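One-letter residues, chain by chain:
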Amino acid sequence: MKIRSITCFYDPSARYALRTLGQLGKFARAARQRFESAGFAVQTTRLAAPPFPRLAPTCCDQSAIQLAQTLEAQAAAEGFDYLSLGPALPDYPQSYPLIPEMIAATRQVFFGGLMTAAGQGVNLPAVRACADVITRAATITPDGFANLRFAALANVPAGGPFFPAGYAAPGAGPAFALALETADEAQAAFAAAPDLPAALASLMTRLNAAAAELAALSAGLAQEYSLDFTGLDASTAPHPRPDCSIGAALERLGGAPLGCAGSLAGAAQLAAALAAGRWPQVGFNGLMLPVLEDATLAARAAEGSLTIKDLLMFSAVCGAGLDTLPLPGDTPTGALAALLYDVAALAVRLNKPLTARLMPIPGQRAGDPTAFQFDYFANSRVMRLDAPAAPGLSAPGWVDIERLKSKI
């Protein structure tokens, strides 16, 4: 198990924000050393701010770019590897079109686009705006890689430590959380177990023991640096290494290749086990299936046995949604919006957080091999998206799926 990220949260509009940022930088450096001395490798330290429209609600293109560049430089100066400026918001519809320019003007800044709100349902203009962001961001670089730094968010609250979904709550005090990489623990536990109950029990024994140690270290650090420790996200984040594949672990658990009958049951059982973990939980704390970050997922997608529909079905029982999906470069914006609408509707109907990080690749068609030069990606093939070029039934604003029942 590794710590994918020590994620710190702060509000750059708060009083004494620069002083707070300096303290967070000192904390992050000390925390990395403390965790690594205890045997936990730390991959990154990250900084998450509130949604950027809250920081500059009337910003235009140039001021938004300046905001992103300034905060990126401040975060880097304190040693943070990545920065999140949170999601565009339906209350600020002008914030969505700013994101591609902000991505192009920065190197390590992540963004989101919120598609839902509690008590209001799905915001269809926001869904369409997120699809437009994806279309425009896909052309920033020839390989479509810029969309790695954007995700459409549905029912995702503040405080999660994984990017691009992580962001701070406006006005909240400085805090931190840990994002863990636990796919290797699942693979090791399942490989040595004689049956399904033993496999899940072995995994939870491993995770509970490690989480208890991490929580104790974190509580000490929180007291020492006067910060709030909000919890651990023990999601099954994978790595392209064969020994850190959640896809391989699931195939062992379900007894079937991903996409075949039986694989959904294994995913549901793993998600239920993670939800019962005895640690302070934050964020998704579930099953993550990022296609391009996992050797087995990438292979099954390349073979065609794991489809977008399969991944959407998995999201109904667990998971963080659709992540790092390579798509044809000529995918119509309306088709992206249709898929995002599915994700948002599923999140609202099931009252769970889901995201969609879609990556159209310019010049490539379904079935073409991907060729990313990125240490954290396992190359696959461009996936086929069965969606209309333009959405069908729609509405001008909010669609509250639950309230629609009263009209039937």
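Scroll up a little and you will see the structure.
**Student:** What is the right way to look at the pattern of salt bridges in this model?
**Tutor:** In a structure, side chains of opposite charge can pair up when their charged atoms sit close to one another. Scanning the model with the defined rule gives 13 salt bridges in all. One salt bridge connects Glu 101 with Arg 136, and the closest N-O pair in it is separated by 3.8 Å. Here Glu 101, found in helix H4 (residues 99-104), pairs with Arg 136, found in helix H5 (residues 124-137); they are 35 residues apart in sequence, far enough to count as distant. A relative accessible area of 27% means that Arg 136 is categorised as partly exposed. With a closest N to O distance of 2.9 Å, Asp 243 and Arg 241 form a salt bridge. What makes Asp 243 partly exposed here is its relative accessible area of 45%.

**Student:** Honestly, the environment of Pro 240 in this entry has me stumped. Any pointers?
**Tutor:** Among the structural elements, Pro 240 can be located in the loop between strand S9 (228-233) and helix H8 (246-254). By relative accessible area, which is 16% here, Pro 240 ends up buried. Each C-alpha atom of the pair Pro 240 and Tyr 96 lies 32 Å from the other, and the pair is 144 residues apart in sequence. In this structure Pro 240 touches Glu 293, Ala 295, Asp 375, Tyr 376, Phe 377 and Ala 378, once residues within four positions along its chain are discounted.

**Student:** When you look at the packing of aromatic side chains in this model, what are you seeing that I'm missing?
**Tutor:** In this structure the tally under the stated criterion is 12 aromatic pairs. Here Phe 145 and Phe 374 contribute two aromatic rings whose centre-to-centre distance is 5.0 Å and whose plane-to-plane angle is 70°, an arrangement assigned as edge-to-face. Of this pair, Phe 145 sits in the loop between H5 and strand S7 (150-154) while Phe 374 sits in the loop between strand S11 (354-361) and strand S12 (398-399), and the two are 229 residues apart along the sequence. Take Phe 145: its relative accessible area is 24%, and that puts it in the partly exposed class. The exposure class assigned to Phe 374 is partly exposed, which follows from its relative accessible area of 28%. Ring plane angle 90° and centroid distance 5.1 Å describe the contact between Phe 374 and Phe 377, whose orientation is recorded as edge-to-face. Judged by relative accessible area, Phe 377 falls into the buried class, the value being 7%. Ring-pair connections join several aromatic residues into one group, and the members of that group are Phe 145, Phe 372, Phe 374, Tyr 376 and Phe 377.

What counts and how
All residue numbers refer to positions counted from 1 along the written sequence of the respective chain. Local features in a predicted model are, by the rule used here, given only for residues with pLDDT of at least 70; side-chain atom pairs are given and counted only at 80 or more, and totals for whole chains, interfaces and linings are based on all residues. As a rule here, side-chain values cover all heavy atoms of the structure and leave hydrogens and water aside. Salt bridges, as used here, are contacts in which a Lys or Arg side-chain nitrogen is within 4 Å of a carboxyl oxygen on Asp or Glu. Note on conventions: DSSP H or I runs of at least 4 residues are helices, E runs of at least 2 residues are strands, and numbering of each starts at the N terminus. Exposure is judged per residue with a 1.4 Å probe applied to protein chains only, and the accessible area is read against the type maximum: over 50% gives exposed, under 20% gives buried, and values in between give partly exposed. Throughout, a contact is declared for two residues whenever any of their heavy atoms are within 4.5 Å. Only centres within 6.5 Å qualify two rings of Phe, Tyr or Trp (six-membered ring in Trp) as a pair; their planes then separate them into stacked at under 30 degrees, edge-to-face at over 60, and tilted for everything else.

Purely geometric stuff here, so don't read any function into it on its own.
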